[in-house]
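# Geometric and topological summary
Chain by chain, the residues:
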Amino acid sequence: MHIDHGLVTLIDFIKTELGKGKHVHHLNESDDLIEAKVMDSLAVMKLILFLEDQFDVKIGDEDMALDNFRSVETIYALVEKKRKKKNKG
């Protein structure tokens, strides 16, 4: 079984940095982080800084749609899209 270390890193960050005191110990990739009150404007900014540093991507204004930050799944899809775009060139 292949483990995507980037995805594991993202989940760990959300649990430890953004989910403090919010009971996200059993976080699934599709859980709604906004509904769980994990994501607010400050959390999004922290997450963006983390993503840009950890995954060497640039999150622009065009990426600021709330749906991009709704779940681990959507966040990681955004990262993968940015990585592919960067590698193409």
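As shown above, the structure is provided for reference.
Residues numbered from 1 in each chain as written. Predicted model: local features only at pLDDT ≥ 70, side-chain atom pairs only at ≥ 80, totals over all residues. Heavy atoms only, no water.

### Some words on the pattern of salt bridges
The following threshold applies: Every case where a carboxyl oxygen of Asp or Glu lies within 4 Å of a side-chain nitrogen of Lys or Arg is listed as a salt bridge. Exposure categories follow from relative accessible area, calculated using a 1.4 Å probe and restricted to protein chains: below 20% of the type maximum is buried, above 50% is exposed, and the middle band is partly exposed. Every helix listed is a DSSP run of H or I at least four residues long, and every strand listed is a run of E at least two residues long, numbered separately from the N terminus.
Taken as a whole, this structure holds eight salt bridges when the rule is applied. With a shortest N-O distance of 3.1 Å, D67 and R70 are connected by a salt bridge. Taking relative accessible area as the criterion, R70 reaches 27% and is therefore assigned partly exposed. With its nearest N and O atoms 2.8 Å apart, the salt bridge here joins E80 to R83. One end of the pair is E80 and the other is R83, both in helix α3 (residues 72-88) and three residues apart, which spans about a single turn. Residue class for R83 comes out partly exposed when judged on its relative accessible area of 30%. Where salt bridges share partners, they join D32, D67 and R70 into one cluster.

### A word on helix α1 (residues 5-18)
The condition that has to hold: A helix is expected to reach a length of 1.5 Å times the quantity of its residues less one. It is the directions from the helix axis to the C-beta atoms that the arc portrays. What makes two residues a contact is simply this: any of their non-hydrogen atoms within 4.5 Å.
With 14 residues, α1 extends 19 Å from end C-alpha to end C-alpha; this agrees with the ideal 20 Å at 1.5 Å per step. Those residues of α1 that sit buried are G6, L7, L10, I11, F13, I14 and L18. Projected down its long axis, α1 carries its buried residues within an arc of 160°, all on one side. Considering only its buried residues, α1 is in contact with α2 (41-55) and α3.

### Considerations on the packing of aromatic side chains
Stated formally: Aromatic pairs are defined between Phe, Tyr and Trp rings, using the six-membered ring for Trp, whenever the two ring centres lie within 6.5 Å; interplanar angles under 30 degrees are classed as stacked, those over 60 as edge-to-face, and all others as tilted.
Tallied over the full model, the rule gives three aromatic pairs. Centroid distance F50 to F55: 6.2 Å. Interplanar angle 90°. Geometry classified as edge-to-face. F55 sits in the buried class, given a relative accessible area of 7%. Through a chain of ring-to-ring contacts, the aromatic side chains of F13, F50, F55 and Y76 assemble into a single cluster.

### Considerations on the packing of α1 against α2
Two measures define how a pair of helices packs: the angle their axes make with one another and the distance between the axes. Selection criterion: Axes here refer to lines fitted to C-alpha atoms; in helices the fit is confined to the stretch in contact. Angles between the N-to-C directions go from 0 to 180 degrees. Handedness of a helix crossing follows the sense of rotation of the near helix relative to the far helix, less than a right angle counterclockwise being left-handed and clockwise being right-handed. Any residue that is not Ala, Val, Leu, Ile, Met, Phe, Trp, Tyr, Cys, Pro, Asp, Glu, Lys or Arg is counted as polar, Gly included; the first ten are nonpolar and the last four charged.
Interaxial distance between α1 and α2 falls to 11 Å at its minimum, and their mutual angle equals 145°. As for the relative orientation of α1 and α2, their crossing is right-handed in sense. When α1 is examined against α2, the residues G6, T9, L10, F13 and L18 are found in contact with a partner set consisting of A43, K46, L47, F50, L51, Q54 and F55. Classifying every residue of the contact of α1 with α2 by side-chain character gives eight nonpolar, three polar and one charged.

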